[in-house]
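# Observations on chain architecture
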Amino acid sequence: MSGTVHHADGEGPGPGPGHLPRMQLDDLLEELQVRIDAVRGTRDRMHGLLDAVLSVGRELELSQVLHRITEAAVLLVDAEYGALGVLGENGNFSQFIPVGVTEQQAEAIGALPAGHGLLGELIRNPAPLRLPELSRHPSSEGLPPDHPPMRSLLAVPIRVRDEVFGNLYLAEKREGKEFDSEDETVLSTLAASAGVAVENARLYEEARYRQRWMEANAEVTRALLSGVEERRVLGLIVELARTILTADLGALALPEGGDSFRVAVAAGTDAEHHRGLLLPREGSFVGAAVKAGEVITSADVEHDPRIRAGPPRWAGLGPAVAVPMIADDMPRGVLLLARAKPRQPFAEPQIAPLSAFAGQAAVAMELAERRRDAEQITLLEERDRIARDLHDLAIQRLFATGMTLQSATRFVDHPKARERLVRAVDDLDATIKIIRSTIFGLRAHDNDSDGDGLRSRVTQAVQDVASALGFTPALRMGGLLDTDVPAPVADEAVAVLREALSNVARHAGASSVEVAAETEGEAFTLSVVDDGCGIPEGSHHSGLQNLSERAERLGGELRLVTPSGGGTGLTWRVPLNGAGAGP
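What you see is a predicted model; the values in this text were computed from it and never measured. (Residues numbered from 1 in each chain as written. Predicted model: local features only at pLDDT ≥ 70, side-chain atom pairs only at ≥ 80, totals over all residues. Heavy atoms only, no water.)

Turning our eyes to something else, we now look at the pairing of strand β16 (residues 568-575). The buried count for β16 comes to six of eight residues, which makes it a mostly enclosed element. Bridge count between strand β15 (residues 557-561) and β16: five bridges; the pairing is antiparallel. The residue of β16 that forms the bridge with V561 is G569. With antiparallel pairing between neighbouring strands as the criterion, β15 and β16 make up a hairpin whose turn holds six residues, including G566 at a positive phi of roughly 95°. (Buried < 20%, exposed > 50% of the residue type's maximum accessible area, 1.4 Å probe, protein only. Helix = DSSP H or I, 4+ residues; strand = E, 2+ residues; numbered from the N terminus. Pairing = 2+ DSSP bridges.)

With that settled, the discussion passes to the packing of aromatic side chains. Taken as a whole and judged by the stated rule, the model has one aromatic pair. On the basis of an interplanar angle of 45° and a centroid distance of 4.9 Å, the ring pair of W213 and F357 is categorised as tilted. Placement of the pair is W213 in helix α5 (residues 181-225) and F357 in helix α9 (residues 354-408), with a sequence separation of 144 residues. Accessibility expressed as a relative area gives 0% for F357, which makes it buried. Sitting above the plane of the Y209 ring, R208 keeps its charged end 5.4 Å from the centroid. (Phe/Tyr/Trp six-rings, centres within 6.5 Å; stacked < 30°, edge-to-face > 60°. Lys NZ or Arg CZ within 6 Å of the ring centre and 35° of its normal.)

With that settled, consider unusual backbone geometry. The step from K341 to P342 runs through a cis peptide bond, and the omega angle for that step is 0°. Within the secondary structure, P342 is located in the loop between β11 (330-340) and α8 (348-351). At D78, a position not held by glycine, the phi torsion is positive, near 55°. Along the chain, the position of D78 falls in the loop between α2 (62-76) and β1 (79-87). Positive phi outside glycine occurs at D270, with the angle close to 55°. Note on placement: D270 falls in the loop between β7 (260-268) and β8 (278-280). We classify D270 as partly exposed; its relative accessible area is 26%.

All right, on to the sheet that holds β15 then. Judged by pairing direction, the sheet is mixed, and its five strands sit side by side in the order β12-β13-β14-β16-β15 without closing on themselves. Two strands in the sheet have a free side with no partner beyond their single neighbour: β12 (474-478) and β15. Strand-to-strand twist of the sheet, defined as the mean angle between neighbouring strand axes without regard to direction, takes the value 10°. The sheet contacts of helix α12 (residues 454-464) involve β12, β13 (513-520) and β14 (523-530), and relative to β12 the element is tilted by about 170°. (Axes fitted to C-alpha atoms, helices over the stretch in contact; angles between N-to-C directions. Contact = heavy atoms within 4.5 Å.)

Here we come to the environment of Q344. Inspection of the secondary structure assignment puts Q344 in the loop between β11 and α8. It is 9.0 Å that separates the C-alpha atoms of Q344 and A299, two residues lying 45 residues apart in sequence. Contact partners of Q344, with chain neighbours within four places excluded, come to S94, Q95, P319 and R339.

What follows is about the sheet that holds β8. If you walk across this open sheet you meet the six strands as β8-β7-β6-β11-β10-β9, and the pairing is antiparallel. Here the strands that pair on one side only, and so sit at the sheet edges, are β8 and β9 (296-298). On average, adjacent strands in this sheet sit at an angle of 25° to one another, irrespective of strand direction. Along the sheet face, helix α7 (residues 285-292) touches β6 (249-256), β7, β8, β9, β10 (317-327) and β11 and points at about 45° away from the line of β10.

The buried fraction of β1 is high, at seven of nine residues. Pairing of β1 with strand β5 (residues 163-173), which is carried by seven bridges, proceeds in the antiparallel orientation. Its bridge partner being in β5, G85 is matched across the sheet by N167. Examined bridge by bridge, β1 and strand β2 (residues 93-99) share six bridges and lie antiparallel to one another. Bridge pairing links G85 to F96 in β2.

Moving on: the packing of α2 against α5. Running from N to C, α2 and α5 point in directions that differ by 170°, and their axes come no closer than 9 Å. Classified by the angle between their axes, α2 and α5 sit roughly antiparallel to one another. On the side of α2, the interface is formed by L62, V65, L66, I69, A72, A73 and L76, while α5 contributes V186, L187, L190, A194, A197, V198, A201, R202 and E205. Of the residues belonging to the contact of α2 with α5, the class tally is 14 nonpolar, no polar and two charged. (Parallel < 35°, antiparallel > 145°, perpendicular 65-115°, else oblique. Nonpolar A, V, L, I, M, F, W, Y, C, P; charged D, E, K, R; others polar.)

So, about the side chain of S284. Relative to the helices and strands, S284 resides in the loop between β8 and α7. Engagement of the side chain of S284 in a polar contact is seen with the backbone oxygen of P280, the distance being 2.5 Å. In this structure S284 touches L279 and R306, once residues within four positions along its chain are discounted. (Polar contact = N/O pair within 3.5 Å; in protein donor to acceptor, adjacent residues only side chain to side chain.)

Tallied over the full model, the rule gives 18 salt bridges. For the salt bridge of R174 with E80, the shortest nitrogen-to-oxygen distance reads 3.3 Å. Placement of the pair is R174 in the loop between β5 and α5 and E80 in strand β1, with a sequence separation of 94 residues. Note that D248 and R343 form a salt bridge whose closest N and O atoms lie 3.1 Å from each other. Here D248, found in the loop between α6 (230-245) and β6, pairs with R343, found in the loop between β11 and α8; they are 95 residues apart in sequence, far enough to count as distant. (Salt bridge = Lys/Arg side-chain N within 4 Å of Asp/Glu carboxyl O.)

This next bit is on helix α15 (residues 487-508). Its 22 residues place the ends of α15 30 Å apart at the C-alpha level, agreeing with the 32 Å of an ideal helix rising 1.5 Å per residue. Just beyond α15, the residue with positive phi is G509, at close to 60°. (Expected span 1.5 Å × (residues − 1).)

Atomic detail in the predicted coordinates should be set aside for any region of low pLDDT. Predicted confidence across the protein chain gives a mean pLDDT of 78, with 77% of residues reaching 70 or more. Across the protein chain, the secondary-structure element scoring lowest on mean pLDDT is helix α11 (residues 444-447), at 49, and the one scoring highest is β14, at 93. In this model, residues 445-451 is a region of pLDDT below 50 whose contacts with residues beyond four sequence positions or in other chains number eight contacts. Below a pLDDT of 50 lies the segment residues 579-583, which in the model reaches eight contacts outside its immediate sequence neighbourhood of four places, other chains included. (pLDDT = per-residue confidence, 0-100.)

Right, let's get into the nonpolar core. General note: in soluble globular proteins, nonpolar side chains tend to be found buried as a group. Membership of the largest hydrophobic core comes to 37 residues, with the highest contact counts inside it found for L497, V513, F524 and W572. No other element matches the 11 residues that α15 contributes to this core. Apart from residues no more than four positions distant in its own chain, L497 is found in contact with V458, A461, V462, V515, L526 and V528. (Core = buried A, V, L, I, M, F, W, Y, C linked by side-chain atoms within 4.5 Å.)

A separate point is the side chain of H274. Mapped onto the elements, H274 comes out in the loop between β7 and β8. Classification of H274 as buried rests on a relative accessible area of 4%. If we skip the residues at most four places from it in the chain, H274 touches L249, V263, A266, R313 and W314.

Looking now at a nonpolar patch on the surface. A surface patch of nonpolar side chains, about 230 Å² in accessible area, is lined by L225, V363 and L367. Relative to the assigned elements, L367 resides in helix α9. (Patch = residues over 30% accessible without salt bridge, like charges linked within 9 Å, V, L, I, M, F, W, Y side chains within 5 Å. Areas by Shrake-Rupley, 256 points an atom, 1.4 Å probe, with all protein chains shown as cover.)

Quick look at the structure:
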């Protein structure tokens with residue numbers, strides 16, 4: 001025996017055939033460790049996916065849901081960049097939510113993607129897309145200037161029921177790796193759960209907007225039926241709609257004449273360019289809404305081909321919506337809302353209840369008008385009663401008193417006493433004339449059907465401007481307007497009144513107007529006082545010059561003052577004895 005010891009397992013101190021089993025065992029152990037790491041990684045990824053699904057599902061605000069989905073997708077597949085594109089009605093993106101891009105980079109990249117090129121591939125073919133090198137795809141159009149470099153891409157569609165809601169885009173897997181099939185599976189699973197979360201958020205958003213519109217309807221109806229001035233209620237309608245839809249501009253136009261609408265209320269961005277405008281049905285956005293008979297929208301109202309009439313007034317505004325306010329199959333107005341560029345278009349859940357809101361507001365306006373008509377009838381009946389009482393009681397008593405005093409003068413010897421009695425009889429005659437003029441004014445709606453009396457014409461002029469102002473001005477008349485004011489003065493006075501009220505409606509933005517027409521001694525005075533914005537210093541108005549010239553032709557004058565509470569006070573005063581004077 002040589003003394004060499006052979007081990008039972010065949011291993012020796014040097015290399016030999018017995019060394020192979022240890023190498024196989026090491027390989028098996030290494031492979032087992034790789035598999036354990038893979039299982040652990042898969043477990044961690046599944047936990048991450050579950051956490052992402054739960055995180056997305058907890059949100060109810062749609063905007064927050066969309067951000068959560070994008071952020072979760074970036075973490076799950078270990079990507080540098082992510083984005084969620086929401087599809088609009090025209091097939092392009094209505095929203096694009098990026099993750100991983102700084103604000104400075106986003107500003108440098110520019111406007112919202114239009115959905116062309118590679119981003120639009122998923123729009124045209126909604127199926128998962130995985131690219132190791134996106135520049136090699138036939139649809140690739142390259143990246144815009146200042147865009148971060150991106151090589152690999154993984155994209156999947158998000159479906160809500162059978163509708164493609166949007167697309168998830170992930171780019172640049174970290175450490176230079178490529179997206180694999182497992183990434184695609186995880187992202188597709190997240191997209192499926194995201195579809196459910198989006199649907200829940202949309203249902204919540206629809207319910208929330210519906211509730212807010214119902215509350216707005218109740219507030220408008222309560223205001224109209226409680227007697228609040230119509231102009232204030234119109235302003236309330238505009239402000240409520242602006243608040244609910246976060247619009248930058250709100251306007252409400254009322255029908256005027258057969259085929260025109262006047263913007264009675266405007267608030268927000270460049271409201272002064274819209275307020276008071278008279279717009280035709282053809283060539284205006286409000287007219288297009290009336291013609292359609294339903295809600296209409298515009299993605300870019302500044303360049304909308306339906307808008308051809310009126311001065312330029314849409315600069316900087318983009319998305320817009322208009323809805324007719326219909327009651328008894330008749331348009332009672334049009335509500336218009338617009339957002340500044342580059343804000344998002346009005347979403348369907350936001351504007352879906354808008355027609356009901358506008359319709360109920362129109363019905364409330366009609367009910368309020370009928371209530372006002374009933375009150376007007378009651379007022380006219382009361383005026384008739386007062387006129388009868390004045391004629392049958394007051395005048396007869398005054399006439400009898402005058403006759404008594406007149407007959408008593410022959411029994412008075414003292415000259416001064418007789419003079420006082422005669423003066424008292426003259427005063428009674430003047431009082432009787434004033435009362436008769438008042439009776440005539442009270443009954444003007446019945447007896448003056450042709451509207452020839454100055455009282456009736458002044459009343460009609462005030463009523464005619466009510467629709468443009470949004471309320472009826474307060475009116476005070478005094479003296480023998482129908483008997484003492486000559487026809488030339490009356491004609492000029494009515495023309496001056498209509499011009500003054502038109503100026504208030506177009507320029508003042510007033511919430512109250514007071515009109516007074518009265519005779520004082522040998523002069524006639526017409527005044528129009530409003531609480532609007534006043535007349536800017538140094539401004540020139542041809543309309544005011546015209547009113548001044550009318551007064552001068554009759555030997556009178558026009559005065560403008562600023563009341564203590566603000567606004568404008570116009571006084572047009574002409575002599576009664578110079579009525580025939582001409583230029």
